[in-house]
Amino acid sequence: MGVICLFYCALWLLVMAYATWRLATRRGAAAPAALPTPAPRVSILVAARNEEAALPRCLASLRALDYPAELVEILVGDDASTDRTRAVAEAALAGYSGDYQIISIIENLGQARGKANVLAHLARAAQAEYLLITDADIAVPPTWVPAMLAHAAPGVGTVTGLTVVAGPGWLARLQGLDWLMSLALIQVGTEAGQPMTAMGNNMLITRAAYRATGGYEALPFSVTEDFALFEAVNAQGFGYRQLFEPAVRAVSLPTGSWGALVRQRLRWLRGVAALPWHVQAGLIFFSGYWLAALGLAVAGRPGLALAALALKIIGHYALARAASHRAGLPRPAWWLLPAFEIYSLVLTTHLTLARFLGRRGVEWKGRQYQ
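These figures come from a predicted structure and were not determined experimentally.

### Structural notes on the pairing of strand β2 (residues 72-78)
Most of β2 is tucked away: seven of the seven residues are buried. Judged by which residues are buried, β2 turns out to be covered on both faces: V72, I74, V76 and D78 on one side and E73, L75 and G77 on the other are all buried. As paired elements, strand β1 (residues 42-48) and β2 share seven bridges and run parallel to each other. Considered in β2, the bridge of V42 is made with V72. For the segment spanning β1, helix α2 (residues 55-63) and β2, crossover handedness is right-handed. As defined by bridge partners, β2 adjoins strand β3 (residues 99-104) across six bridges and the pair is classed as parallel. Within β3, the position partnered with D78 by the bridge is S104.

### Examining the sheet that holds strand β9 (residues 239-242)
Strand pairs in the sheet, formed through backbone hydrogen bonds, run parallel or antiparallel to each other. If you trace the seven strands from one edge of the open sheet to the other, you get β3-β2-β1-β4-β8-β6-β9, paired in mixed fashion. What marks the edges here is a single partner per strand, and that holds for β3 and β9. Across the sheet, the axes of successive neighbouring strands diverge by a mean angle of 20°, strand direction being ignored. The pairing of strand β6 (residues 156-160) with β9 spans four bridges and is classified as parallel. Counterpart to T158 in the pairing with β9 is Y240. Packed onto the sheet, α2 meets β1, β2 and β4 (130-135) and runs at close to 175° relative to β1.

### Description of the side chain of N201
For N201, the location among the structural elements is in the loop between α6 (170-191) and β8 (202-206). Residue N201 is classed as buried on the basis of its relative accessible area, which comes to 7%. Looking at N201, its side chain comes within polar contact range of the side chain of T163, at 2.9 Å. Among all residues touching N201, those that are not within four sequence positions of it are I133, T134, D135, I138, T163 and W179.

### Description of the pattern of salt bridges
Scanning all chains against the criterion turns up eight salt bridges. Residues R124 and E217 are paired through a salt bridge, measuring 3.1 Å at the closest nitrogen-oxygen approach. Here R124 is found in helix α4 (residues 114-125), whereas its partner E217 is found in the loop between α7 (207-213) and α8 (225-235), with 93 residues between them in sequence. Judged by relative accessible area, E217 falls into the buried class, the value being 16%. E191 is the salt-bridge partner of R326, the closest N and O atoms lying 2.5 Å from each other. Placement of the pair is R326 in helix α12 (residues 302-327) and E191 in helix α6, with a sequence separation of 135 residues.

### A look at the nonpolar core
Among the nonpolar cores identified, the biggest contains 41 residues, and C9, L23, L177, L183 and F244 are the most heavily contacted of them. Listing elements by their share of this core, those giving two or more residues are α1 (2-25), β7 (163-165), α6, α9 (258-272), α11 (289-298), α12 and α13 (336-357). When residues of this core are assigned to their parent elements, the largest contribution, nine residues, is made by α6. Contacts of L23, omitting those with residues within four sequence positions, involve A184, Q187, V188, L319, A322, A323 and R326. Counting residues in hydrophobic clusters, the runner-up holds 37 residues, among them I44, V72, L93 and A147.

### Concerning the packing of α1 against α12
It is the contact of α1 with α12, at a shortest axis distance of 9 Å, that shows an interaxial angle of 10°. Classified by the angle between their axes, α1 and α12 sit roughly parallel to one another. Note on element contacts: α12 touches α1 through L304, A308, L311, K312, G315, H316, A318, L319, A322, A323 and R326, opposite L6, C9, W12, L13, M16, T20, R22, L23 and A24. Among the residues making up the contact of α1 with α12, the classes are represented as 14 nonpolar, three polar and three charged.

The rules behind each value
Residues numbered from 1 in each chain as written. Predicted model: local features only at pLDDT ≥ 70, side-chain atom pairs only at ≥ 80, totals over all residues. Heavy atoms only, no water. Buried < 20%, exposed > 50% of the residue type's maximum accessible area, 1.4 Å probe, protein only. Helix = DSSP H or I, 4+ residues; strand = E, 2+ residues; numbered from the N terminus. Pairing = 2+ DSSP bridges. Right-handed = clockwise from strand over helix to strand, strands pointing away. Axes fitted to C-alpha atoms, helices over the stretch in contact; angles between N-to-C directions. Contact = heavy atoms within 4.5 Å. Polar contact = N/O pair within 3.5 Å; in protein donor to acceptor, adjacent residues only side chain to side chain. Salt bridge = Lys/Arg side-chain N within 4 Å of Asp/Glu carboxyl O. Core = buried A, V, L, I, M, F, W, Y, C linked by side-chain atoms within 4.5 Å. Parallel < 35°, antiparallel > 145°, perpendicular 65-115°, else oblique. Nonpolar A, V, L, I, M, F, W, Y, C, P; charged D, E, K, R; others polar.

Here's what the structure looks like:
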């Protein structure tokens, strides 16, 4: 058993080193193209349910976009909020020189539910040929629109930007590191030619690609609506682009508690279950390092087990440094990595137990979904 565990750890470290090298050298990264002339009109879709606290920050970032306001249409969907979401949205957009609407969502379109239903309504109301989607807890950079459009080449259906998490406190910092390294590995897979997923809080889809799928109202309902749309667009033969650069780096607010974090990740696991088997196998491979280190200890090799854990921390730090540099972020604090290992182990254990022993439904924005 000790030999097998040692081989696994060595292979894991080699794969991590290879992924870090590809990320740092931008192997397979798509080059931007010149923007269309004249500059195209864009519609920005924001689904909001009980977001009175977060929405002003999001809408302020949209008002600060480095793109002509007369070419921007902002559509906010108020999904039966029980707080002041609509009033806050109206106040935040008052006086905006571009077009905007706050639309109350009171009925379901086709099979769409929840956020997918809100986006289905907003997409129907949108006037532009390029739809940009973000969330109420996101702040986008001023360069967001032109940087995303620069990758919407002919034949490309979706463009996915980079989202990072930032906020005060240890849990927020650990979430930020988690997101950064997870998206870095997704980026490596995408640039190697394997479509992975899209981020519904930082996404461009062309109207042609959206129409080809029939829209959210025609898609089977999923609590990971962004992944469902991404898969449907790819199935129609459209290309995709995944970006990992400062110009498209949106900043998400962190989940405020451990319970909210677990509920978020349980929802995301629904999307993981729809990934190709070899991608799922890769995710399982990356999550099994702690078991291999434990196997070394059980096999009477505690020194090798500790060395394996130390090398894992070093490998994660190298990936985090490469990802931070490419994303235009400050270098991560080295002392955060040991805490991240504990965080990852506890979170993985909690999710595993909740997945197999907990309730089968998913709670999302105060609603239950099966």
